[in-house]
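# Structural features, examined
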Amino acid sequence: MSCLVRIAWLAVSLRLRLASTSWEASRACKATGRIRSCDLACMCKRWSHSPDQPVSMQVQEIQELLLKGEARRFHKPGENHLTEGYVVTPKTKQLLLQHLEATGSSVVTRFPPEPNGILHIGHAKAINFNFAYAKAHRGITYLRYDDTNPETEEGRFIDEIEEMVRWLGYEPYKITFASDYFPQLYQYAVELIRRGHSYVCHERQEDLQGWGKDTPPSPWRDRPTAESLQLFEDMKNGKLKEGEAVVRMKVTFPDGKKDPVAYRIKLATHPRTGDSWRVYPTYDFAHCLCDSIENITHSLCTKEFQHKRPSYYWLCNALDVYCPVQWEYSRLSLKHTLLSKRKILKLIQAGVISDWDDPRLYTLSALRRRGFPPRAINRFCAEVGVSASDGQMVHPEVLEHFAKEELNRSARRAMAVLCPLKVVITNFPGKEDPLQIEVPDFPSVPSGGSHVVPFGSTLYVERSDFMELPLKGYRRLVPGGRPVGLRHTGMAIAVQEIVKDASGEVQEVRVTCQEVSKCPQKPKAYIHWVCDPLPCTVRHYNKLFLSEQPEDAPGGFLADVNPDSVQVLEGVLVDRSVREATPLQTFQFQRLGYYCLDKDTSRDPVECTHTHTEPIIIHLTFNITISMIQLC
């Protein structure tokens, strides 16, 4: 053991003695695990004034905003024993010194998802917190899959979880799996039995979650160690059936719970280890030991795991292995939706939603499909902050606020018409062929590029931009009214004639046009339009559930589904500049909102004159991200 590490330990001890008075003063505060959340007004002001900040500066500010309050007073590496509630044993000092030597006194965190579903917005908060805390202290973060239940895990979830972590902009130091440590965890379980701290039990399946304080002890609690060791080996070798036996830890916790399960038999095929194992560790057993193996300094988890902390500390100490510190913070919840993977699966099975990436959900894959930028999600996580209260119930509009600000900076402009009305210019100037109009991609950024759209005698405008009998204050197209400007053309049009069908519905409006500079009455309104457009489908989304908290709705969340949560618009027209767009590319459809090209856009490979094929767009499909106004 190096002299420098021993000196570091002596310095820690000296600092503890010198600062004992101030430590005791802050002891009660640390016991709560409180981490103050960011102030909404200050946060919005900060981001609103810096939409074009460099990415590195944005990341730095996200770190600073996430790590306010008590997070700044988290223990330093090697000072685990100074944390309120941490259990110190005669071997703690030696184990912490070994830990410091292994990590170089660096902060080490981990993001440990279960690969049994897709990540959601709550996971985004956990990802940001774990990675930001480590990065702010020049540390590292593992992406570790808690793959201890082969019945619910799938390989596709493993791939998609990694993809989402990287999509948010984070690079794991290393990707690991609990299954990487199965041999070591098994040996830990054997050692625990040898030390008299666990035993093989034959309680029924419904009793596997542990007993309450009034429940009598298991009749197998005091069975001989050798017998438990043999039975555990039999479990491993497939000599016992699933549900016949479990390994229980022999401990009673302050809340009265006793003897949690450490190992159980699972005969399902594991996505990584196949059929190599017949016994699998539980979360209570594997999680803290995997943290110990990876020398995690700060085991950050949400409040529902707070009651697991005594088990976490007890097991590490019972085996005399390095014990990290568990810190809890409140989980993030959104109104009008569900984040539970189990309940999302029920929605899929009931046919309410299509899959985990249905744009009405707040899974990360759904948000990406709907066009929410990853940086907006990270900024949202920084804004809501971390707190030790029981829960954060946030309205989705807060997330939309950050998405809108980010998309205003990054989404290229285009024009689309949701409810088309044909407009014919009877005095279209000059040529029969359409003019080519240059439209800026980002009007507020002159160097942001441009695209060209045709402008001819036949246009399509929003049906809501014409009224035969106008309401008071209406300033768009009306018979005998003031000319209305056409965006980007320098031209204005005025109604000349209305064409109706047999039922009296307006089918076409004929207009005259002239340059805006020559209009005797200057336009007070400018409208968007399309010429020679592409047809497409647009999906508009509303909240998925009627109640703010659908779990509490009468009849349950399945009875609370909003029947109008999606509106599909066919016959929408969009300008041809989006023809080469790729799925997940976002646009601002001027005056309408932000839209994202969906994966359902159909393309057919068509043979060309060359030896290769090129994708030809057959039909475009867009999902709305953020709406600006309500049309039709």
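Note that this is a predicted model, so its numbers are computed, not measured.

## Some points on the overall build of the chain
A tally of helices and strands in the chain yields 15 helices and 27 strands. Here the chain, with 632 residues, has 53% of them falling under the buried criterion. Taking as baseline every contact in the chain between residues at least 6 positions apart, the subset at least 24 positions apart corresponds to 72%. As displayed, the chain has an accessible area near 28800 Å², and 51% of this comes from carbon and sulfur atoms.

## Describing the nonpolar core
One finds Ile121, Leu185, Phe232, Tyr263, Phe285, Ile377 and Phe380 to be the most contacted residues of the largest nonpolar core, which totals 91 residues. Not counting residues up to four positions away in its chain, the partners in contact with Phe380 are Ile121, Leu332, Leu334, Val394, Val398, Leu399 and Phe402.

## Remarks on the packing of aromatic side chains
Evaluated as defined, the whole model comprises 23 aromatic pairs. Between Lys236 and the ring centre of Tyr186, over which it is positioned, the NZ or CZ distance is 5.5 Å. Arg272 extends its terminal NZ or CZ atom over the ring of Phe177, reaching a point 3.7 Å from the ring centre.

## Some details on the pattern of salt bridges
Applying the stated criterion across every chain, the model contains 41 salt bridges. The shortest N-O distance in the salt bridge between Asp320 and Arg195 comes to 2.8 Å. Separated by 125 residues along the polypeptide, Asp320 in the loop between α11 (309–318) and β9 (325–329) and Arg195 in the loop between α8 (182–194) and β4 (198–201) bring together distant segments of the chain. Judged by relative accessible area, Asp320 falls into the partly exposed class, the value being 25%. The structure contains a network of salt bridges with shared partners spanning Asp357, Arg369, Arg539, Asp598, Lys599 and Asp600.

## Some remarks on the pairing of strand β22 (residues 534–541)
A large share of β22 lies buried, amounting to seven of its eight residues. Here β22 runs beside strand β23 (residues 566–574); their pairing, made up of seven bridges, is antiparallel. Within the sheet, the bridge partner assigned to Pro535 lies in β23 and is Leu573.

## Describing helix α7 (residues 155–167)
An ideal rise of 1.5 Å per residue puts 18 Å on 13 residues; α7 measures up with 19 Å between its terminal C-alpha atoms. All buried positions along α7 are accounted for by Phe157, Ile158, Ile161, Met164, Val165 and Trp167. On its buried face, α7 sits against β1 (108–111), α6 (121–136), β2 (140–145), β3 (174–177), α13 (364–370) and α14 (374–384).

## Concerning the sheet that holds strand β18 (residues 484–486)
Strand order in the open sheet made by the six strands is β17-β14-β20-β19-β18-β21, with mixed pairing throughout. Both outer strands of the open sheet, β17 (458–462) and β21 (526–527), are each paired with one neighbouring strand and no more.

## Focus: empty space enclosed by the protein
Throughout the structure, instances matching the rule amount to three cavities of 30 Å³ or more. Its volume calculated, the largest cavity comes out at about 70 Å³. When contributions to the lining of the largest cavity are tallied by element, the ones reaching two or more residues are α10 (283–293) and α11. Considering every element that reaches the lining of the largest cavity, the biggest residue donor is α10, with four residues. Classifying every residue of the lining of the largest cavity by side-chain character gives four nonpolar, three polar and two charged.

## Focus: the sheet that holds β1
Pairing within the open sheet is parallel, and its three strands lie in the order β1-β2-β3. Looking at which strands have only one partner, the edges of the open sheet turn out to be β1 and β3. Looking at each pair of strands side by side, their axes are set apart by 30° on average, direction ignored. As judged from the four bridges shared by β1 and β2, these two strands associate in the parallel manner. Its bridge partner being in β2, Phe111 is matched across the sheet by Leu143.

## What to know about the environment of Val574
Its location among the elements puts Val574 in strand β23. With a relative accessible area of 0%, Val574 lands in the buried category. For the pair Val574 and Trp529, spaced 45 residues apart in sequence, the C-alpha to C-alpha distance is 9.0 Å. If near-sequence neighbours (up to four positions away) are discounted, Val574 is found in contact with Met415, Ala416, Val530, Pro533, Leu534, Cys536, Phe589 and Leu620.

## Quick word on the environment of Phe74
Mapped onto the secondary structure, Phe74 falls in the loop between α4 (55–66) and α5 (92–103). Residue classification places Phe74 among the buried residues on the basis of a relative accessible area of 6%. Separated by 251 residues in the primary sequence, Phe74 and Val325 have C-alpha atoms spaced 9.6 Å apart.

## Brief notes about unusual backbone geometry
Trans is the common state for peptide bonds, and a negative phi is the common state for residues other than glycine. A positive phi is found at Leu584, a non-glycine position, where the angle reads about 80°. Note on Leu584: relative accessible area 38%, which makes it partly exposed. A positive phi angle is found at Arg591, which is not glycine, with a value near 75°. Residue position: Arg591 is located in the loop between β24 (586–589) and β25 (593–597).

## Description of the side chain of Asn317
Within the fold, Asn317 resides in helix α11. Not counting the four nearest positions on each side in its chain, Asn317 is found in contact with Val87, Thr89 and Cys323.

## Details of the confidence of the model for the chain
Scored by pLDDT, the chain comes out at a mean of 85, with 83% of its residues at no less than 70. Considering only residues more than four positions removed or in separate chains, one finds that residues 1–57, a stretch of pLDDT under 50, has 87 contacts.

Criteria and cut-off values
- Residues numbered from 1 in each chain as written.
- Predicted model: local features only at pLDDT ≥ 70, side-chain atom pairs only at ≥ 80, totals over all residues.
- Heavy atoms only, no water.
- Helix = DSSP H or I, 4+ residues; strand = E, 2+ residues; numbered from the N terminus.
- Buried < 20%, exposed > 50% of the residue type's maximum accessible area, 1.4 Å probe, protein only.
- Contact = heavy atoms within 4.5 Å.
- Areas by Shrake-Rupley, 256 points an atom, 1.4 Å probe, with all protein chains shown as cover.
- Core = buried A, V, L, I, M, F, W, Y, C linked by side-chain atoms within 4.5 Å.
- Phe/Tyr/Trp six-rings, centres within 6.5 Å; stacked < 30°, edge-to-face > 60°.
- Lys NZ or Arg CZ within 6 Å of the ring centre and 35° of its normal.
- Salt bridge = Lys/Arg side-chain N within 4 Å of Asp/Glu carboxyl O.
- Pairing = 2+ DSSP bridges.
- Expected span 1.5 Å × (residues − 1).
- 1 Å grid on protein atoms, 1.4 Å probe; cavity = no way out; pocket = protein on both sides within 12 Å on 5 of 7 lines; lining within 4 Å.
- Points joined across faces, edges and corners; volume = space filled by probe spheres on them.
- Nonpolar A, V, L, I, M, F, W, Y, C, P; charged D, E, K, R; others polar.
- Axes fitted to C-alpha atoms, helices over the stretch in contact; angles between N-to-C directions.
- pLDDT = per-residue confidence, 0-100.

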